[in-house]
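Spelled out from the first residue to the last, the chains are:
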Amino acid sequence: IDFSKLCKKLKLNDDECEVLDEVSSKISGEQLAAYGMTEIFGSSHEFNYKMLDTLLQNAGENYINSIPAFGDTYMSFGFYQFTSMAVRHDNIVEGASVVSLYSDKKIPGSVSKLRGDDHHRAAFYFATYNLGLLIRRLSSNGVEHLADGDCDITEITSYIAVAHHNPAGGRRGAKSWIEGGCDIKIEYFYNGVLRKYATNTKKHFNLLTKGI
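First, a word on scope: everything that follows refers to the structure included in this document. Since the structure is predicted, the reported quantities are computational estimates derived from the model, not experimental observations.

What counts and how
Residues numbered from 1 in each chain as written. Predicted model: local features only at pLDDT ≥ 70, side-chain atom pairs only at ≥ 80, totals over all residues. Heavy atoms only, no water. Core = buried A, V, L, I, M, F, W, Y, C linked by side-chain atoms within 4.5 Å. Buried < 20%, exposed > 50% of the residue type's maximum accessible area, 1.4 Å probe, protein only. Helix = DSSP H or I, 4+ residues; strand = E, 2+ residues; numbered from the N terminus. Disulfide = S-S within 2.5 Å.

1. A few points about the nonpolar core
Residues Leu20, Phe82 and Val87 are the most contacted members of the largest nonpolar core, which totals 59 residues. Ranked by residue count, the leading element in this core is helix 7 (residues 118-136), at ten residues.

Below, the structure is given as structure tokens:
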């Protein structure tokens, strides 16, 4: 990713851009998988872990990337349940597609054309995009908290998932969390469904990194 061009697009200053580059570079496969699990499964975390393994072993990744969304008015399918608000490049460029503009590794401009690793790349780009929008809204003190490593990567994983589901709501909670020094668990800055997204993702992340 050419962060200098991406940051100019997102209207980030040099310090903010450096933090976006640093934080996004720490996004792991386990983080992406954790929020993917939150998108397609319920709250039975150990069951979800075993179910994902069973599906991968017996049906394969293509099956998972074809699972349709049942509660969305937009076309949406796959492990991350993307819609056109997350992946779109036609006369309008949205979400992950904004980051793709400034990367050597492009993603298709439509959800319907995502195949194989496109899904994971789009998830990383959308996470980077939402982190950029969050960082743009932070005070200099908030940016410094991220730069100094005060904010645990597991908590940031929860933000990535919440922002995928509700970008504006995700940013509001994460901003309060960061401005407060990241001393309290991030889920306490969310209510209702958003808190559920945050806690489910954290539990999925812990299972993916520690096993059961």
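2. Examining the state of the cysteines
Under the counting rule described, the total for this entry stands at two disulfides. The side chain of Cys7 participates in a disulfide bridge whose partner is Cys17; the two sulfur atoms lie 2.1 Å from each other. Here Cys7 and Cys17 share a disulfide; its torsion about the S-S bond, 85 degrees, makes the bridge right-handed. In this pair, Cys7 is assigned in helix 1 (residues 3-10) and Cys17 in helix 2 (residues 14-24), connecting sequence segments ten residues apart. Exposure class is identical for Cys7 and Cys17. Each is buried. Between the sulfur atoms of Cys151 and its disulfide mate Cys182 the distance is 1.9 Å. Judged by the sign of its S-S torsion, about 60 degrees, the cystine formed by Cys151 and Cys182 is right-handed. Of the two residues, Cys151 sits in the loop between helix 8 (140-147) and helix 9 (153-165) while Cys182 sits in the loop between helix 10 (167-179) and helix 11 (192-210), which places them 31 residues apart along the sequence. Owing to a relative accessible area of 11%, Cys182 belongs among the buried residues under this scheme. Along the protein, the cysteines that take part in disulfide bonds pair up as 1-2, 3-4, counted in sequence order.

Honestly, that's just the spatial picture; any functional story needs more than this.
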